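Structural overview
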Amino acid sequence: MFVGLDLGTSGLRALIVDDQGNAVGTVQSTYSTNHAHKGWSEQDPKLWIDACKDVFEQLRASYPKQLSALKGIGISGHMHGVVLLNKAHDVLRPCILWNDTRSHAFATTLDKTPSVRELSGNIVFPGFCAPKLMWVKNQEPEIFAQTKTILLPKDYLRFWLTGELNSEISDAAGTSWLDVGKRQWSEKLINASGIEASMLPNTIEGSSTAGSLRTELQSAWGIAGSVTLAGGGADNAAAACGVGVLGEGQGFVSLGTSGVILAGRSGFFPQPATAVHTFCHAVPDRWYQMGVTLAATDSLNWLSHITNQSQPKLAKALGEQLTLPSDIGFLPYLSGERTPHNDAHIRGAFLGLDIAHTSTDLTHAIMQGVAFAMRQSLDALKSTGADLPSLLAIGGGTNSSFWVEMLATAFNIPIHLPEKGDFGAALGAARLAICSVTGANPNDVMQPPKIARTIMPNANHLAAYADKYQKFQTMYPAIKAVQ
């Protein structure tokens, strides 16, 4: 048996699978985030440890026989957080999370530093690790002076489980300290942010062995034999492992709170100016790129709140079959935008509202605006050389057939809907554990899910949506000019 742990922003999920990757059971434990000031987002790493104890106790209670046969654990986790440890490996301050923006000024400075984008493969965003350490050095010098080790969130949880310090490569790729092309720490990047190279642990691949479960935990949780910890993976890298997206021609679209289009890559092909993320994959000699729309189903959630109608009810009112494009323009920038604009300050807008428009018309416009924003991510990915002849669709938004057909039509590519099952980041983490323990080839373990159905672009509406997309592309500069 193998366990995949998915360390999320709001909770920890554990998935136990057999040696073929078939799900046996899942449990979860939740925790909170502290927002002490505007733009701040922090968590006490002890919350993750308590949650880890909780999920293993739940697994022991519900699946004692299976947990006794545990051989490997993999962990996926939210990226870009910084856990600072002193010489004794005690936590010095709460973890500054991925969505914390306090270090925006330092990010801007670092992003303008020569070679930073070229080596890291990315724009330096405020949520990345390097500008956060610059902030700590500037604002909390007494904390910085005590800092001996810097860990990312899931790497800290693995340290607690094993007692060994490692930095997994797909997570390290989001720090602005890693030479993402060479898959190693960059002296030039480390020096640019003013930290010491000794603060960063050795890097390992996600499918490599990162240590063994501490014997006291093994005994406490009723596990019969030794347990190997894999390196694991960053959340989106692990999710890609979960759906079998490893190389060229493979990709998925996630229609969740945010919208993500991810493409597997066989090499390092950065293009930071497009605000496309380029990171190391969790398996050796592979990379991945992704574009992000910050508010996808979150835009529909906003409409749900102000109309007091549930999201399923709003979506159901549109029916199952795609219709002609909405005559309302919608910019889904309710939380700013990532790809391709990299604009934290821009905000959303409706254009062309009429007194006769209803909440159903607004739902249609929101889905359309999100689809077009994600089409811009797809175009940005293609500009790096990514070939995506089709995409697998996951996430809550795929429950709307109308929305999925709109995506297929706006993208002008087939969209595959998988059979029901568990194939997220927790499964990807468990698959990394299988590779670590058995030595299996990731290509053999990380197979895509079976396809329930394929949604083709609507030939009758292709031209109309293409025309509306061209108009959508003119809206951002127009709104930016008046905000």
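Here's what I pulled together on the structure shown here.

Here is what the cut-offs are and how they apply
Residues numbered from 1 in each chain as written. Predicted model: local features only at pLDDT ≥ 70, side-chain atom pairs only at ≥ 80, totals over all residues. Heavy atoms only, no water. Salt bridge = Lys/Arg side-chain N within 4 Å of Asp/Glu carboxyl O. Buried < 20%, exposed > 50% of the residue type's maximum accessible area, 1.4 Å probe, protein only. Helix = DSSP H or I, 4+ residues; strand = E, 2+ residues; numbered from the N terminus. 1 Å grid on protein atoms, 1.4 Å probe; cavity = no way out; pocket = protein on both sides within 12 Å on 5 of 7 lines; lining within 4 Å. Points joined across faces, edges and corners; volume = space filled by probe spheres on them. Nonpolar A, V, L, I, M, F, W, Y, C, P; charged D, E, K, R; others polar. Contact = heavy atoms within 4.5 Å. Pairing = 2+ DSSP bridges. Core = buried A, V, L, I, M, F, W, Y, C linked by side-chain atoms within 4.5 Å.

Quick notes on the pattern of salt bridges
The full count for this structure, using the stated rule, is 16 salt bridges. Its salt-bridge partner being Asp155, residue Lys154 comes within 2.8 Å of it at the nearest N-O pair. Relative accessible area serves as the criterion here: at 1%, Asp155 is assigned to the buried category. Between Lys480 and Asp343 there is a salt bridge, with its nearest N and O atoms 2.8 Å apart. In this pair, Lys480 sits in helix α19 (residues 475-482) while Asp343 sits in the loop between β20 (329-331) and β21 (349-351), placing the two residues 137 residues apart along the sequence. Relative accessible area serves as the criterion here: at 37%, Lys480 is assigned to the partly exposed category. By relative accessible area, which is 5% here, Asp343 ends up buried. Among the charged side chains, a network of salt bridges with common partners joins Glu42, Arg93, Asp100, Arg102 and Glu140.

As for empty space enclosed by the protein
Inspection of the entire model under this criterion finds one cavity of 30 Å³ or more. Quantified by volume, the largest cavity comes out at close to 50 Å³. If you trace the largest cavity, you find it lined by Gly81, Val82, Cys129, Ile150, Leu151, Leu152, Ser167, Thr175, Trp177, Trp185 and Leu200. Of the residues that constitute the lining of the largest cavity, the class distribution is eight nonpolar, three polar and no charged.

Examining the side chain of His364
As for its placement among the helices and strands, His364 is situated in helix α14 (residues 359-383). Overall, the relative accessible area of 8% leaves His364 in the buried class. Ignoring any residue separated from it by four or fewer positions in sequence, one finds His364 in contact with Leu318, Thr323, Leu324, Pro325, Ser326, Phe402, Met406 and Tyr465.

Concerning the pairing of strand β18 (residues 277-280)
A regular strand places its side chains so that they alternate between the two faces of the sheet. Burial along β18 is two-sided: the residues His277 and Phe279 and Thr278 and Cys280 are all buried. Bridging between β18 and strand β19 (residues 287-293) involves four bridges; their strand directions are antiparallel. Opposite Cys280, over in β19, you have Trp287 as the bridge partner. From the end of β18 to the start of β19, which pair antiparallel, there are six residues, and Asp285 there has a positive phi angle of about 60 degrees.

Thoughts on the nonpolar core
Judged by nonpolar contacts, the single largest core of 72 residues is most densely connected at Ile150, Trp177, Ile195 and Phe252. Of all the elements, helix α16 (residues 425-438) adds the most residues to this core, at eight residues. Not counting residues up to four positions away in its chain, the partners in contact with Trp177 are Cys129, Ala130, Leu133, Ile150, Trp185, Ser186, Leu189, Ile190, Ser193, Ile195 and Leu200. Core analysis: the next-biggest nonpolar cluster, separate from the first, contains 52 residues, Ala315, Leu318, Ile328 and Phe330 among them.

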